[in-house]
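# Structure at a glance
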Amino acid sequence: WEFNGSFYQPSAFLMMGIPGLEALHPWLSIPFCALYLAALLGNCGILFIIGRTPSLREPMYYFLSMLALTDLGLALCTLPTTLGLLWFNVRTIAFDACLTQMYFIHILSFIESSVLLAMAFDRFVAISHPLRHPAILTESTVLKIGLAIVLRGTVSLLPIPFLLKRLTYCGRTELSHSFCFHPDIMNLACADIKVNVFYGMVVLLSTVGMDFVFIVLSYILIIRTVVSLTTREECLKALNTCVSHICAVLVFFIPMIGLSMIHRFGRSVPPLVNTLVAYTYLTIPPALNPIIYSIKSTHIREALLRALCRKRG
């Protein structure tokens, strides 16, 4: 422990693995390695294909590039500590390093939520106003949206590390996961955390919460437009362009909402459930999103096949 003026601050936190399954950590590292490998290769592949294919220079694929970059960042944020714990039983993480990891995990989560909202808006404009779509979502507009997304996530979460550093920690240092979460660190303090709780809830509801509401609203408007189409084939074709995005939204928001509920209201939830939901939230979306878009997007699939054929040739 380090004494700093009027409060105590731990020099490091102790990360926990999967409760009750500590003896199986080397075996459990195998599926985690597969997920991280899929996330790294898949998202790098998406970025490579979009960057090398001129026909994919469209708003939908620009936003998909943003999603791939965000997923790549999320995977890289948690990979060192998770595999370090599972492979080498490295359980300690320095206090400042923990705050840094937490900050980037939350920023990237908020950015992913905002990118999914931007993709929903793109689908709404493409289906409801197809002729005006290129004029509304120009390259400069997409760039401005991307910068606004990054700026919103960075600024809204900037006070969080400082709010945690002001707290007094005088007891437990065990984190619930192999990475750092704001509620997890906050609950280890023995000081008044009302400000942290209030600010965390306000930021979560005003960013991710609002994103989810607007995504749902976008799809209500999309369904209204699709229903008004004359033929069944047109309806199915319009909805088919949204399938990948809907899957990405569900894969991201379901575990995120579940984890938020557990951290705030699930005191009696078994630790294993809490841990599994957290790992699902941070490892499954980065691994599945490239697969979802590669399967459902004909343009991505054709570009991928062309790249593979070129290499073989």
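Residues numbered from 1 in each chain as written. Predicted model: local features only at pLDDT ≥ 70, side-chain atom pairs only at ≥ 80, totals over all residues. Heavy atoms only, no water.

Further remarks concern the nonpolar core. Core analysis: the largest hydrophobic core is formed by 85 residues, its most contacted members being F13, L64, L116, L164, Y169, L175 and I185. When residues of this core are assigned to their parent elements, the largest contribution, 18 residues, is made by helix α3 (residues 95-128). I185 has contacts with F13, C98, L99, M102, L164, Y169, L175 and C180, leaving out every residue within four places of it along the chain. (Core = buried A, V, L, I, M, F, W, Y, C linked by side-chain atoms within 4.5 Å. Buried < 20%, exposed > 50% of the residue type's maximum accessible area, 1.4 Å probe, protein only. Helix = DSSP H or I, 4+ residues; strand = E, 2+ residues; numbered from the N terminus. Contact = heavy atoms within 4.5 Å.)

It is worth spelling out the pattern of salt bridges at this point. Considering all chains together, one arrives at 3 salt bridges under this definition. Among the salt bridges present, the one from D96 reaches K165, with a minimum N-O distance of 3.0 Å. On the criterion of sequence distance, the pair formed by D96 in helix α3 and K165 in helix α6 (residues 159-165) is long-range, its members being 69 residues apart. Look at D96 and you get partly exposed, because its relative accessible area is 46%. Salt-bridge contacts for D211 lead to R152; the nearest nitrogen and oxygen are separated by 2.7 Å. One end of the pair, D211, is in helix α8 (residues 194-227); the other, R152, is in helix α5 (residues 139-157), and 59 residues separate them in sequence. Judged by its relative accessible area of 30%, R152 is partly exposed. (Salt bridge = Lys/Arg side-chain N within 4 Å of Asp/Glu carboxyl O.)

Moving on: the packing of aromatic side chains. Taken as a whole, this structure holds 12 aromatic pairs when the rule is applied. Judged by centre distance (6.0 Å) and plane angle (75 degrees), the ring pair of W87 and F88 falls under edge-to-face. Seen from their ring centres, F95 and Y169 are 5.6 Å apart, and the 70 degrees between their planes marks the pair as edge-to-face. In this pair, F95 is assigned in helix α3 and Y169 in the loop between α6 and α7 (182-186), connecting sequence segments 74 residues apart. The rings of F32, F179, F181, F212, F252, F253, Y279 and Y281 are connected pair by pair, giving a single aromatic cluster. (Phe/Tyr/Trp six-rings, centres within 6.5 Å; stacked < 30°, edge-to-face > 60°.)

So, on to the layout of surface pockets. Approximately 540 Å³ is the volume attributed to the largest pocket. Taken together, 20 residues make up the lining of the largest pocket; nearest its centre are M60, R123, K237, T241 and H299. Among the residues forming the lining of the largest pocket, the class breakdown is 9 nonpolar, 7 polar and 4 charged. Counted as a void, the second largest pocket has a volume near 440 Å³. Forming the walls of the second largest pocket are 22 residues, and the residues nearest its centre are S176, D184, H263, R267 and N274. Of all the secondary structure elements, the ones that give two or more residues to the lining of the second largest pocket are α7, α10 (243-265) and α11 (271-296). Residue contributions to the lining of the second largest pocket peak at 3 residues, all from α11. (1 Å grid on protein atoms, 1.4 Å probe; cavity = no way out; pocket = protein on both sides within 12 Å on 5 of 7 lines; lining within 4 Å. Points joined across faces, edges and corners; volume = space filled by probe spheres on them. Nonpolar A, V, L, I, M, F, W, Y, C, P; charged D, E, K, R; others polar.)

This part is about the UniProt feature "transmembrane region" (unreviewed entry) in the protein. In the numbering used here, UniProt assigns the "transmembrane region" (unreviewed entry) feature to residues 27-50, 62-88, 100-121, 142-164, 197-222, 243-264 and 276-295. In the segment residues 142-164, helix accounts for 96% and strand for 0%; the C-alpha atoms at its two ends are 35 Å apart. Between the end C-alpha atoms of residues 197-222 there is a gap of 36 Å, over a span that is 100% helix and 0% strand. (UniProt positions renumbered as here; feature names shortened; annotations may be inferred.)

What follows deals with α8. Relative to the 50 Å expected for 34 residues at 1.5 Å per residue, α8 spans 47 Å between its end C-alpha atoms, a close match to the ideal helical length. The largest bend in α8 is about 35 degrees, located at L205. (Expected span 1.5 Å × (residues − 1). Bend = angle between axes of the 7 residues up to and from the residue.)

Once that is clear, we can look at the environment of F214. Within the element layout of this structure, F214 appears in helix α8. Once the C-alpha coordinates of F214 and A118 are considered, the two residues, 96 residues apart in sequence, prove to be 9.8 Å apart.

Attention now moves to the state of the cysteines. Using the criterion set out here, one finds 1 disulfide in the structure. Disulfide pairing places C98 opposite C180 at an S-S distance of 2.0 Å. Its S-S torsion of about -125 degrees marks the bond between C98 and C180 as left-handed, since a negative value means left-handed. Taken as a pair, C98 in helix α3 and C180 in the loop between α6 and α7 lie far apart in primary sequence, 82 residues in all. (Disulfide = S-S within 2.5 Å.)

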